[in-house]
Amino acid sequence: MKTFNTVAELRAFRTALGGSVGFVPTMGALHPGHASLIERSVRENDATIVSIYVNPTQFDNVVDLEKYPQLPEADSEMVHASGGDAIFAPTWAEMYPDGFAYFVDETGLSQTLCGASRPGHFRGVLTVVMKLLSIVRPDRAYFGEKDYQQYLLIDGMAKAFHLETAIV
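Values in this document were obtained by computation on a predicted structure and should not be read as measured data.

Visitor: It is not clear to me how the overall build of the chain should be interpreted in this structure. Could you clarify?
Guide: When helices and strands are tallied, the chain shows 7 helices and 6 strands. When the helices and strands of the chain are listed from N to C terminus, the series reads β-α-β-α-β-α-α-β-α-α-β-α-β. For 168 residues, the compact-globule estimate of 2.2 N^0.38 gives 15 Å, and the chain sits close to it at 15 Å. Each principal axis of the C-alpha distribution contributes one length, and for the chain these read about 40 × 35 × 30 Å. Relative to its full complement of 168 residues, the chain shows a buried share of 44%. Taking the average place of the 13 positive charges on the side chains of the chain and the average place of its 20 negative ones, the gap between the two points comes to 4 Å.

Visitor: Teacher, can you tell me more about the environment of A47 here?
Guide: Its place among the elements puts A47 in strand β3 (residues 47-52). By relative accessible area, which is 4% here, A47 ends up buried. Spatially, the C-alpha atoms of A47 and R14 are 9.4 Å apart, while their sequence positions differ by 33 residues. Each residue touching A47, except ones within four places of it in the same chain, is listed here: L17, S20, V21, G22 and D85.

Visitor: Help me understand the pairing of strand β2 (residues 21-26), please; the structure alone is not making it clear to me.
Guide: Side chains on a regular strand alternate between the two faces of the sheet. For β2, a buried count of 6 out of 6 residues is recorded, marking the element as mostly surrounded by other parts of the structure. Both faces of β2 are covered, namely the face carrying V21, F23 and P25 and the face carrying G22, V24 and T26. Summarising the sheet, β2 and β3 pair through 6 bridges and their orientation is parallel. If you follow G22 over to β3, its bridge partner there is T48.

Visitor: Can you help me understand the pattern of salt bridges in this one?
Guide: Between side chains of opposite charge, pairing is possible as soon as their charged atoms come close. Counting across every chain of the model gives 4 salt bridges. When the shortest N-O distance is used, the salt bridge between R40 and E44 registers 2.9 Å. Of this pair, R40 and E44 are both found in helix α2 (residues 32-44), 4 residues apart, which corresponds to roughly one turn of the helix. The partner of D155 in a salt bridge is K159, and the shortest N-O contact between them spans 2.8 Å.

Visitor: When you look at the sheet that holds strand β5 (residues 140-141) in this model, what are you seeing that I'm missing?
Guide: Pairing between sheet strands relies on hydrogen bonds along the backbone, with the strands arranged either parallel or antiparallel. Spatially, the 6 strands line up as an open sheet ordered β1-β4-β3-β2-β5-β6, and their pairing is parallel. Bordering the open sheet on either side are β1 (2-4) and β6 (166-167), each of which pairs with just one other strand. In the sheet, β3 pairs with strand β4 (residues 86-88) via 3 bridges, with the strands oriented parallel. Bridging from a neighbouring strand, S51 pairs with F88 of β4. On the sheet, α2 packs against β2, β3 and β5 and is oriented at approximately 170 degrees with respect to β2. Most of the contacts of helix α6 (residues 121-136) go to β2, to which it runs at about 150 degrees, and overall it touches β2, β3, β4, β5 and β6.

Visitor: Even after reading the chapter, I still don't get unusual backbone geometry, so can you show me in this structure?
Guide: Generally, phi is negative for residues other than glycine and the peptide bonds are trans, each holding for most cases. A positive phi is found at R137, a non-glycine position, where the angle reads about 55 degrees. Relative to the helices and strands, R137 is located in the loop between α6 and β5. Judged by its relative accessible area of 37%, R137 is partly exposed. Of note, the phi angle at H162 is positive, near 55 degrees, even though the residue is not glycine. Tracing the backbone shows H162 in the loop between α7 (148-160) and β6.

Parameters at a glance
- Note on numbering: residues in each chain are counted from 1, in written sequence order.
- Only residues with pLDDT of at least 70 are given local features in this predicted model, and only at 80 or more are side-chain atom pairs given and counted; all residues enter the totals for whole chains, interfaces and linings.
- Here the side-chain values reflect all heavy atoms present in the structure, with hydrogen atoms and water set aside.
- For helices the rule is a DSSP run of H or I covering at least 4 residues; for strands it is a run of E covering at least 2, with both sets numbered from the N terminus onward.
- It is over C-alpha atoms that the radius of gyration is taken, and the globule rule equals 2.2 Å times the number of residues to the power 0.38.
- Each residue is placed in one exposure class: buried if its accessible area under a 1.4 Å probe, protein chains only, is under 20% of its type's maximum, exposed if it is over 50%, and partly exposed if it falls in between.
- Only four residue types enter the charge count, namely Lys and Arg as positive and Asp and Glu as negative; His and the chain termini do not.
- Just so you know, the charge point we use is NZ for Lys, CZ for Arg, CG for Asp and CD for Glu.
- Contacts were defined at the residue level, with two residues in contact if any of their heavy atoms lie within 4.5 Å.
- The criterion for strand pairing is that DSSP finds at least two bridges linking the strands in question.
- Salt bridges are counted wherever a side-chain nitrogen of Lys or Arg sits within 4 Å of a carboxyl oxygen of Asp or Glu.
- Inter-axis angles, ranging from 0 to 180 degrees, are taken between N-to-C directions of lines fitted to C-alpha atoms, where helices are fitted over the stretch in contact.

Okay, here's the thing in structure tokens:
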């Protein structure tokens, strides 16, 4: 299993892959639910890439961001044990070279969900997922059932922007 920290490295790896690619985007602190997504991707694709990136743009509260657990060694072990082929673990500068000047925003459904009380949360989620999907270019991206609101918005974004990735 390989770990990549730059977009260029990950894109070169992705280009060299043949067959279908599954993608499991995470913020790390992996648990059995993540393992099941990785294992499903492994069953359904020729290769599986997992991102581990704590995305500051989706946190409304800096204290919550600072408290978010970061367990790179344990996460790497779980990805490996679950059959993943690669980890993409970029830095803030790598993901946001523009300093978050450009973003994806959804102005309808999110306002009927918890986005109404969490300003900016879904903007951060959608922006990072759009970036990750454009970097990884997976055939399928796997999201857990834990946050159905997030799934609905990401699926809607993928359809609105004609992405070729199936949101599973």
